[in-house]
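Examining the three-dimensional arrangement
Take a look at the letters that make up each chain.
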Amino acid sequence: MAFNSDGSQPSTSSPAEAAATTRDWIFPSYSFVHSTHNIRRTPRRRRVSSYHPPLAQQFNSAAAASSTGDDSNSFTTSSPSFRPRGFEFGNYERSTRLLADGPDGPAAAAVKSNDAVSLEKETQTTYSEKTFSKFFRSGLRIRPQLAFSVSIVTTVLSSLLSKNFTLHKEVTELQDQISKLNVRLRLCNLLDSPDVYNSSPQDVSIDPNKSLKIAALLVSIMLLVLPLLFFFKNVDYISSSRRQIDNNSEEVSLNKQLAYRVDVFLSVTPYAKPLALLIATLLLICLGGLALFGVTDDSLADSLWLSWTYIADSGNHANSEGIGPRLVSVSISFGGMLIFAMMLGLVSDAISEKFDSLRKGRSEVVERNHTLILGWSDKLGSLLNQLAIANESLGGGTVVVMAEHDKEEMELDIGKMEFDFRGTSVICRSGSPLILADLKKVSVSKARAIVVLAEDGNADQSDARALRTVLSLTGVKEGLQAHIVVELSDLDNEVLVKLVGGDLVETVVAHDVIGRLMIQCARQPGLAQIWEDILGFENCEFYIKRWPQLDGMQFEDVLISFPEAIPCGVKVASSGGKIILNPDDTYVLQEGDEILVIAEDDDTYSPSDLPMVQGGNLPELELNQKSFERILLCGWRRDMEDMIMVLDASLAHGSELWMFNEVLEKERERKLTDGGLEIDRLMNIILVHREGNAVIRRHLESLPLESFDSILILADESVEDSAIQADSRSLATLLLIRDIQAKRLPCKEAMAYQTHRGSFSQGSWIGEMQQASVKSVIISEILDPRTKNLLSMSKISDYVLSNELVSMALAMVAEDRQINDVLEELFAEEGNELHIRAANLYIEEGEELSFYEILLRARQRREIVIGYRLADTEKAVINPPAKNERKKWSLKDVFVVIAEKE
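Residues numbered from 1 in each chain as written. Predicted model: local features only at pLDDT ≥ 70, side-chain atom pairs only at ≥ 80, totals over all residues. Heavy atoms only, no water.

Topic: the pattern of salt bridges
Enumeration over the complete set of coordinates arrives at 29 salt bridges. One salt bridge in this structure joins Arg859 and Asp585, with 2.5 Å as the shortest N-O distance. Taken together, the residues span a long stretch of sequence, with Arg859 in helix α30 (residues 851-859) and Asp585 in the loop between β9 (578-581) and β10 (594-599) at a distance of 274 residues. For the pair Arg859 and Asp585, a shared accessibility class is recorded, and that class is buried. (Salt bridge = Lys/Arg side-chain N within 4 Å of Asp/Glu carboxyl O. Helix = DSSP H or I, 4+ residues; strand = E, 2+ residues; numbered from the N terminus. Buried < 20%, exposed > 50% of the residue type's maximum accessible area, 1.4 Å probe, protein only.)

What follows is the structure, given as structure tokens:
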């Protein structure tokens with residue numbers, strides 16, 4: 001039965017009306033679908049399929065009939081949108097049955113049932129799609145470039161997989177056809193054998209390795225694609241989910257957390273970069289091997305080996321045949337190029353890091369019995385020179401310098417030093433002596449001597465740093481085999497450093513040594529040059545050695561037992577190794593005693609048979625009482641109070657000490673009092689204060705410069721940090737003082753004076769200054785060794801090369817720590833010291849004596865003669881050769897002796 005479009009039965013059942021009603025059932029309107037299923041959905045547009053020509057032609061003919069007014073062959077609907085359901089998915093048979101059976105036929109009932117089910121499924125599908133898309137739109141923030149890259153990779157892999165399946169299907173069909181043809185061929189040849197029927201199943205059966213290869217290919221693709229998809233699509237979603245779970249925690253995205261974990265792994269884990277490269281290489285070999293196993297006929301082992309060859313040599317993939325193997329081989333080769341690029345980068349970084357470590361001095365020093373110098377100062381050059389001279393007899397040594405400077409800069413500065421290293425190797429390392437790891441880097445526990453240099457600058461800060469360095473050295477776990485020589489700037493800090501270091505520490509107080517040395521040289525001209533010869537390793541120096549063959553001999557006989565050395569003292573074993581300078585003649589050497597001598601080197605002297613020497617008697621002289629002196633100090637030093645106390649102990653009563661500097665008088669008294677000086681208790685000297693600048697001529701002219709017996713030009717405290725500036729100031733003060741003295745000398749006395757000290761004429765300004773130098777002695781404190789040449793050529797002043805002398809003392813104590821006791825006594829206020837004596841104390845005019853005879857005569861005054869300076873020479877001779885040879889002496893000669901302080 002047919003129905004109208006409104007659902008009522010028609011009065012007639014003509015074919016045209018039946019067709020119309022049938023069209024209404026076939027193509028239900030939107031209202032009918034809504035009332036039947038009670039589901040609101042957006043009608044989908046259908047496209048007329050060109051795949052079924054008869055129905056399309058029928059639809060076109062119906063449309064033409066409708067345009068001409070003929071309803072018998074036209075498809076009409078009450079719905080505004082014309083959607084022929086019969087054309088959906090090209091369902092031609094279904095549409096035909098609907099047209100033939102009518103609305104009440106079994107086809108119509110099936111349509112109703114199928115429509116309900118399809119609508120249900122479409123609704124669920126649409127809902128799922130919306131939920132899935134909403135999930136990704138809310139949780140994903142995919143960058144277009146990454147999405148495009150992932151899509152390309154997925155498309156390539158999908159095409160590869162599809163191609164592989166297609167080829168596999170074709171191979172299977174061909175095998176089936178070959179099997180059937182073989183069977184027919186055998187039947188045709190009347191091969192009625194059981195083998196025919198037994199062989200056909202084997203030929204038709206599929207190789208079981210094919211499924212394994214497909215699985216391997218799928219696994220390789222999934223392992224490659226899924227991590228990328230998960231990371232790029234879900235990283236932001238997971239981080240947002242974590243933020244929603246814990247709102248109180250800090251909002252840190254997952255990609256930042258992953259980046260942080262990777263950074264920690266690469267920073268903390270040893271050999272993290274090579275390990276990551278190894279893992280990436282193995283992963284690429286495995287994935288590539290699985291992929292090759294899936295697209296080729298090779299075994300898994302051969303595929304893995306082939307994958308490695310593609311990685312090792314990108315040109316091996318040129319022999320691949322087929323689309324699948326070629327795509328896989330190209331991918332593996334591309335990954336191999338990345339792997340080897342990473343490997344080259346790691347190797348390059350490792351080599352660069354190693355060279356950078358060597359360049360910056362971070363590598364470890366593997367040395368033993370070397371000298372270690374900690375710190376950097378202006379004294380380093382002189383110290384290295386002295387150590388090189390000391391090691392020359394051993395064929396050279398090793399000196400390691402560690403300071404908080406760049407290694408290249410240190411090596412460049414050392415290379416500029418104008419001296420011969422004499423086979424000694426100097427190794428520089430950059431580091432801090434306060435860090436145990438840096439100390440271990442320079443093999444501090446295996447060094448034979450450690451020298452801690454004072455830094456240029458504030459004295460208190462320098463000594464504090466030296467103290468911390470000693471604490472670090474005493475904290476070395478391996479222990480120290482060496483003794484520590486510490487240079488200090490202030491005498492007050494010596495007790496604290498010795499308290500911390502204990503028996504390992506030997507201290508050299510630079511300011512105290514130089515201050516005392518300047519006072520000695522000011523009162524005894526020429527003594528500075530003698531100290532340079534004794535302290536340095538270039539000429540003669542102190543050595544201590546045990547000679548068993550001298551046991552039981554008196555010290556008077558020991559004095560003349562060494563032709564190449566001069567004995568100066570004894571290290572007494574019974575007194576705990578105490579060194580006694582200038583002992584009594586009657587002292588008898590005991591077992592274990594050692595002899596202190598002045599010699600050229602430690603292997604250049606040895607005792608010999610006693611010579612026959614008669615000393616004779618000393619000339620009879622009247623003892624002269626000490627006369628008062630007038631001394632001028634230009635400049636201000638930190639240890640000024642110590643110098644004043646030494647002068648008060650050595651000068652005659654009534655002597656005057658003039659102090660000329662820019663420090664205010666009240667400030668001077670406060671500094672002297674704070675330093676421990678009690679001005680009221682000075683016994684022999686009177687302090688005279690004058691304020692002024694030592695480089696301004698009119699300030700100097702206000703002083704009675706022609707009346708001073710000695711003038712000491714000190715490196716002023718305000719400029720002592722700069723050696724060049726301090727020396728320039730001292731040199732300017734010297735020239736001004738000498739010029740003022742020359743102008744104030746009487747003309748007759750200047751004309752009558754004949755100088756033999758230099759080659760300058762009397763009319764020149766240097767000649768006039770040399771004439772003025774006879775009236776008073778000027779001692780200049782020089783910091784830079786290059787300034788020494790200017791003063792040596794002009795001969796207008798004596799000088800004390802403070803930095804070089806301190807370096808010499810440090811080198812001597814570093815080579816033999818026992819020498820420090822000798823130097824401390826020679827520079828102390830009490831005990832023995834070096835003196836320059838006139839010849840008339842020991843000889844008569846024109847008397848012919850050997851050096852041994854003069855040595856024995858000096859023993860009558862409890863003195864030890866160590867050298868002499870002839871009247872026509874400017875340099876003293878210490879430890880002279882041919883001591884038993886007789887020569888004629890002059891009263892103008894002078895002798896250098898070790899004697900008790902007067």
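Focus on the environment of Ser472
When you line up the elements, Ser472 lands in helix α16 (residues 459-474). Taking the relative accessible area as the measure of exposure, Ser472 reaches 13% and is therefore buried. A sequence separation of 33 residues divides Ser472 from Leu439, and the C-alpha atoms of the two residues are 8.5 Å apart. In contact with Ser472, not counting residues within four places along its chain, are Pro433, Leu434, Leu436 and Leu439. (Contact = heavy atoms within 4.5 Å.)

Here's the deal with the pairing of strand β2 (residues 398-403)
Counting buried positions along β2 gives six out of six residues, so the element sits mostly inside the fold. Both faces of β2 are covered, namely the face carrying Thr398, Val400 and Met402 and the face carrying Val399, Val401 and Ala403. Here strand β1 (residues 371-374) runs beside β2; their pairing, made up of four bridges, is parallel. Paired with Ile373 across the bridge in β2 is Val401. Considered for its hand, the β-α-β crossover made up of β1, helix α13 (residues 380-390) and β2 is right-handed. By the bridge criterion, six bridges tie β2 to strand β3 (residues 425-430) in an arrangement that is parallel. If you follow Val400 over to β3, its bridge partner there is Ile427. (Pairing = 2+ DSSP bridges. Right-handed = clockwise from strand over helix to strand, strands pointing away.)

Topic: the sheet that holds strand β20 (residues 877-878)
Judged by pairing direction, the sheet is antiparallel, and its four strands sit side by side in the order β17-β22-β19-β20 without closing on themselves. Looking at strand neighbours, the two that pair on one side only are β17 (832-838) and β20, the edges of this open sheet. Here strand β19 (residues 864-869) pairs with β20 via two bridges, running antiparallel. By the bridge assignment for β20, Tyr868 is matched with Val877. Sheet strands in contact with helix α19 (residues 527-535) are β17, β19, β20 and β22 (894-900), and its direction is about 130° off that of β17. Across the sheet, α30 lies against β19 and β22, angled at about 130° from β19, the strand it touches most. (Axes fitted to C-alpha atoms, helices over the stretch in contact; angles between N-to-C directions.)

A look at the sheet that holds strand β15 (residues 777-782)
Overall, parallel pairing links the six strands, which are arranged β13-β12-β11-β14-β15-β16 in an open sheet. Because the sheet does not close on itself, it has two edges, and the strands there are β13 (685-691) and β16 (798-801). Each strand axis lies, on average, 20° off the axis of its neighbour in the sheet, ignoring direction. With seven bridges joining them, strand β12 (residues 655-661) and β13 adopt parallel strand pairing. If you follow Ser655 over to β13, its bridge partner there is Ile685. With respect to the sheet, helix α22 (residues 665-674) is in contact with β12 and β13, its orientation differing from that of β13 by roughly 135°. Packed on one face of the sheet, helix α24 (residues 723-744) meets β11 (630-634), β14 (710-713) and β15 and runs near 165° to β15.

Considerations on the packing of aromatic side chains
Within this structure, the stated rule accounts for nine aromatic pairs. Look at Trp547 and Tyr605: their rings are 5.7 Å apart centre to centre, the planes differ by 65°, and that puts the pair in the edge-to-face class. Of this pair, Trp547 sits in the loop between β7 (541-545) and α20 (555-558) while Tyr605 is found in the loop between β10 and β11, placing the two residues 58 residues apart along the sequence. Each member of the pair, Trp547 as well as Tyr605, carries the same accessibility label: buried. Here the aromatic rings of Trp889 and Phe895 are separated by 5.3 Å at their centres, their planes lie at 50°, and the arrangement is tilted. Taking relative accessible area as the criterion, Phe895 reaches 0% and is therefore assigned buried. Among the aromatic side chains, those forming a connected cluster through ring pairs are Tyr842, Phe851, Tyr868, Trp889 and Phe895. Note that Lys545 overlies the ring of Tyr605, its terminal NZ or CZ placed 5.4 Å from the centroid. (Phe/Tyr/Trp six-rings, centres within 6.5 Å; stacked < 30°, edge-to-face > 60°. Lys NZ or Arg CZ within 6 Å of the ring centre and 35° of its normal.)

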